[in-house]
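Residues per chain, in single letters:
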Amino acid sequence: MGIEVKVIDLGERKAKFILSGVTPAFANALRRCMINEIPRLAIDEVHFYENTSILFDEQIALRLALIPLKADPTGYVMEDECTCEDGCALCQTTATISAEGPKMVYSSDLIMGDENISVADDRIPIVDLKEGQKLLLNAIIRLGTGEMHAKWQSAVVCGYKNVPHVSITDCNDCARCVSICPRDVFRLVDGRVMIGDDINCSYCKLCLDVCELQGIVIEEEPDAFLFTLETDGGMSASMTIAYAIHLLKERAIRLKSALESLAH
Ligand SMILES: [Zn+2]
């Protein structure tokens, strides 16, 4: 059986899809790739020139680092792969904030050095400046991956489960399963218990406990996985999936050629 993808739900930041015809190892490789290995840009270093706000420099730097940035990661290279000595236009860019209270400083107050970079959300609060308080800083943006630090993580929620199948073998329509199931897998239609969307089943097995006739069977498809993905908004859900598959494919090609060179 070949690999198949069935999209259940696809939004800008969220995706739900079934990947079938793959091993658990492949499903896990794709999950890890989406979380850990997609290169992203994030604020990595902050130089404070003035900070008379209520927050310490370190607290503001941490907040800035966790602001998701929207950008094409292929426009930059990792600093350790760059030919320069201590940072150049290929491996880093900057952002600045210059604000004076009274004012709430938001993520939208970051002035980007590269016009192709923007913040994913405009209204992320950074610090509330009171009358006379000032914040003046210069931030350095670098490329990284989720493996290095969570600030570079693209998929913030990413998991999978084997696709569930629920069936009824024996039933007296007592409907206890209908009321106990937290995912509405069962429905009552004209006094009869029916299976609704069994893909929502979370394998909690509460229905098995309440069924007097032991007439419910829950099975899982061993080679089909239901993925749930949510990104931080820096990259769309579809781009995250496509990029992870591209990275996996590249790695497989590198492994193949390495093995071939060993054979000669
Ligand atoms: Zn460089």
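Being a predicted model, the structure only gives us computed values, none of them experimental.

## Remarks on the packing of aromatic side chains
The geometry of two aromatic rings is summed up by the distance between their centres and the angle between their planes.
In step 1: In total, this model carries three aromatic pairs according to the counting rule given.
In step 2: With centroids separated by 5.0 Å and ring planes inclined at 0°, the aromatic side chains of F17 and F227 adopt a geometry described as stacked. Here F17 is found in strand β2 (residues 14–20), whereas its partner F227 is found in strand β14 (residues 216–231), with 210 residues between them in sequence.
In step 3: Since its relative accessible area comes to 5%, F17 is described here as buried.
In step 4: Seen from their ring centres, Y160 and F227 are 5.2 Å apart, and the 40° between their planes marks the pair as tilted. Residue Y160 is located in strand β11 (residues 155–168), and its partner F227 is located in strand β14; the two are separated by 67 residues in the primary sequence.
In step 5: An aromatic cluster is defined as three or more aromatic residues linked by ring pairs; in this entry it consists of F17, Y160, F225 and F227.
In step 6: The ring of Y106 has R123 sitting right over it, with the charged end atom 4.0 Å from the ring centre.

## Remarks on the domain arrangement of the chain
In step 1: Along its sequence, the chain is organised into domain 1 (4–37 + 156–229) and domain 2 (40–152).
In step 2: Each of domain 1 and domain 2 was reduced to a C-alpha centroid, and the two centroids are 41 Å apart.
In step 3: Facing the four residues of domain 1 at the interface are five residues of domain 2.
In step 4: For the domain 1 and domain 2 pair, buried surface summed over both sides reaches about 350 Å², with 33% attributable to carbon and sulfur atoms.
In step 5: When the area that domain 1 buries against domain 2 is broken down by residue, the three leading residues are R13, N36 and E37, summing to 84%.
In step 6: Run the count over domain 1 and domain 2 and you get one salt bridge.

Rules and cut-offs
- Residues numbered from 1 in each chain as written.
- Predicted model: local features only at pLDDT ≥ 70, side-chain atom pairs only at ≥ 80, totals over all residues.
- Heavy atoms only, no water.
- Phe/Tyr/Trp six-rings, centres within 6.5 Å; stacked < 30°, edge-to-face > 60°.
- Helix = DSSP H or I, 4+ residues; strand = E, 2+ residues; numbered from the N terminus.
- Buried < 20%, exposed > 50% of the residue type's maximum accessible area, 1.4 Å probe, protein only.
- Lys NZ or Arg CZ within 6 Å of the ring centre and 35° of its normal.
- Domains from an automatic or database assignment.
- Contact = heavy atoms within 4.5 Å.
- Buried area = accessible area lost by both parts, 1.4 Å probe.
- Salt bridge = Lys/Arg side-chain N within 4 Å of Asp/Glu carboxyl O.

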